[in-house]
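Survey of secondary and tertiary structure
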Amino acid sequence: MKLIGSYTSPYVRKISVMLLEKGIAFDFVNDPPANAGSKVTQFNPLGKVPALVTDEGEVFFDSPIIVQFIELLNVSPTLLPWQPLEALRVRQIEALADGVTDAAVALVLESKRDADKRNEEWVIRQREKLLRGLHTLEQHAKNRTLLNGESLNVADIAVACCIGYLNFRRVAPGWCVEHPTLISLVERLFQRESFAQTTPA
């Protein structure tokens, strides 16, 4: 199995953590899509990572799709509930975490534009989206049912990868002040070997 991605992508990290947690062997190919000569479009016509190539040569792309494929391999530990509706609820929190990450990535890209070309109204919308998402994730973490429960799941992984990206790129400084439960959750997760091995640098 081969994982195509970038060391700094939070979506790629989510898949890497899943594979490591399950002990599934894979080769990592570091191929940032923005680099000249990138071959990512050979695996994903959208030119985005991650992309996963199976031993049989089949390609899956888009991290939620890859998550589903990995779970269909039925390799322990299970990172989604067996009950379909409960699994859907966990996937919704994953989607929320990915949405916060999307906003953070958008802010990072916009910050690289010349100051006179930035769309401040759009920046404000992305920040508001990010903060609303974090607030909702904090509430889920406090409930300790679908997120921050006794067993690691896909939502936990997605949230930790999201916050890891916020910290790595220094997006929305001070976000942690009002989110103590999320901080406690990710500090615990970052001690796991799967996260230690995938820390962006």
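Residues numbered from 1 in each chain as written. Predicted model: local features only at pLDDT ≥ 70, side-chain atom pairs only at ≥ 80, totals over all residues. Heavy atoms only, no water.

At a minimum axis distance of 10 Å, the contact between helix H1 (residues 10–22) and helix H2 (residues 63–72) shows a crossing angle of 10°. When the axes of H1 and H2 are compared, the pair comes out roughly parallel. Residue-level contacts link Tyr-11, Lys-14, Ile-15, Met-18, Leu-19 and Lys-22 of H1 to Ser-63, Pro-64, Ile-66, Val-67, Ile-70 and Glu-71 of H2. Partitioned by chemical class, the residues of the contact of H1 with H2 number eight nonpolar, one polar and three charged. (Axes fitted to C-alpha atoms, helices over the stretch in contact; angles between N-to-C directions. Helix = DSSP H or I, 4+ residues; strand = E, 2+ residues; numbered from the N terminus. Parallel < 35°, antiparallel > 145°, perpendicular 65-115°, else oblique. Contact = heavy atoms within 4.5 Å. Nonpolar A, V, L, I, M, F, W, Y, C, P; charged D, E, K, R; others polar.)

Looking now at the domain arrangement of the chain. Domain assignment breaks the chain into domain 1 (2–73) and domain 2 (84–197). Taking the mean C-alpha position of each, domain 1 and domain 2 sit 20 Å from one another. Tallying the contact residues gives 13 residues for domain 1 and 20 residues for domain 2. Carbon and sulfur atoms make up 60% of the area that domain 1 and domain 2 hide from each other, which totals about 1400 Å². When the buried surface of domain 1 facing domain 2 is broken down by residue, Tyr-11, Arg-13 and Lys-14 rank first, second and third, together holding 37% of it. (Domains from an automatic or database assignment. Buried area = accessible area lost by both parts, 1.4 Å probe.)

Let us now look at the UniProt feature "domain: GST C-terminal" (unreviewed entry) in the chain. In this structure's numbering, the residues bearing the UniProt feature "domain: GST C-terminal" (unreviewed entry) are residues 83–201. Structurally, residues 83–201 is divided into 69% helix and 0% strand, and its ends, taken at the C-alpha atoms, are 37 Å apart. (UniProt positions renumbered as here; feature names shortened; annotations may be inferred.)

Right, let's get into empty space enclosed by the protein. A full pass over the atoms with the stated rule returns two cavities of 30 Å³ or more. The element that contributes the greatest number of residues to the lining of the largest cavity is helix H5 (residues 154–169), accounting for three residues. For the lining of the largest cavity, the residue count by class is five nonpolar, four polar and one charged. Built from parts of two domains, the lining of the largest cavity gets at least three residues from each of domain 1 (2–73) and domain 2 (84–197). In this structure, the second largest cavity occupies an estimated 30 Å³ of space. What lines the second largest cavity is Pro-10, Tyr-11, Lys-14, Asp-98, Thr-101, Ala-158, Cys-161 and Cys-162. The set of elements that each furnish at least two residues to the lining of the second largest cavity consists of H1, helix H3 (84–111) and H5. (1 Å grid on protein atoms, 1.4 Å probe; cavity = no way out; pocket = protein on both sides within 12 Å on 5 of 7 lines; lining within 4 Å. Points joined across faces, edges and corners; volume = space filled by probe spheres on them.)

This part covers the UniProt feature "domain: GST N-terminal" (unreviewed entry) in the chain. UniProt records the feature "domain: GST N-terminal" (unreviewed entry) at residues 1–78, using the numbering of this structure. Helix makes up 29% of residues 1–78 and strand 18%. Its end C-alpha atoms lie 19 Å apart.

Before going further, it helps to spend a moment on the side chain of Asp-156. Along the chain, the position of Asp-156 falls in helix H5. Summary of buried charges: Asp-156 has no salt-bridge partner, and the nearest side chain of opposite charge, Arg-188, is 5.8 Å away. Excluding residues that lie within four positions of it along the chain, Asp-156 makes contacts with Leu-147, Asn-148, Ser-151, Leu-185 and Leu-189. (Buried < 20%, exposed > 50% of the residue type's maximum accessible area, 1.4 Å probe, protein only. Lys, Arg positive; Asp, Glu negative; His and termini not counted. Salt bridge = Lys/Arg side-chain N within 4 Å of Asp/Glu carboxyl O.)

Let us look at the environment of Ser-184. Along the chain, Ser-184 turns up in helix H6 (residues 180–189). Taking the C-alpha atoms as reference, Ser-184 lies 14 Å from Leu-134; in sequence the two are 50 residues apart.

The next point concerns the sheet that holds strand E2 (residues 27–30). The mixed open sheet is built from four strands, whose spatial order is E2-E1-E3-E4. Strands at the two margins of the open sheet, each flanked by one partner only, are E2 and strand E4 (59–61). In this sheet, adjacent strand axes meet at a mean angle of 20° when their direction is disregarded. Pairing geometry for strand E3 (residues 51–53) and E4, over three bridges, is antiparallel. Note on E4: the bridge partner recorded for Val-53 is Val-59. Lying on the sheet, H1 is in contact with strand E1 (2–5), E2 and E3; it crosses E1 at an angle near 160°. Seen against the sheet, H2 touches E3 and E4 and runs at an angle of roughly 130° to E4. (Pairing = 2+ DSSP bridges.)

The omega torsion of the bond from Val-49 to Pro-50 falls at 10°, within 30 degrees of zero and hence cis. With respect to the element layout, Pro-50 can be found in the loop between E2 and E3. Cis geometry is found at the peptide bond from Ser-76 to Pro-77, where omega equals 0°. Within the secondary structure, Pro-77 sits in the loop between H2 and H3.

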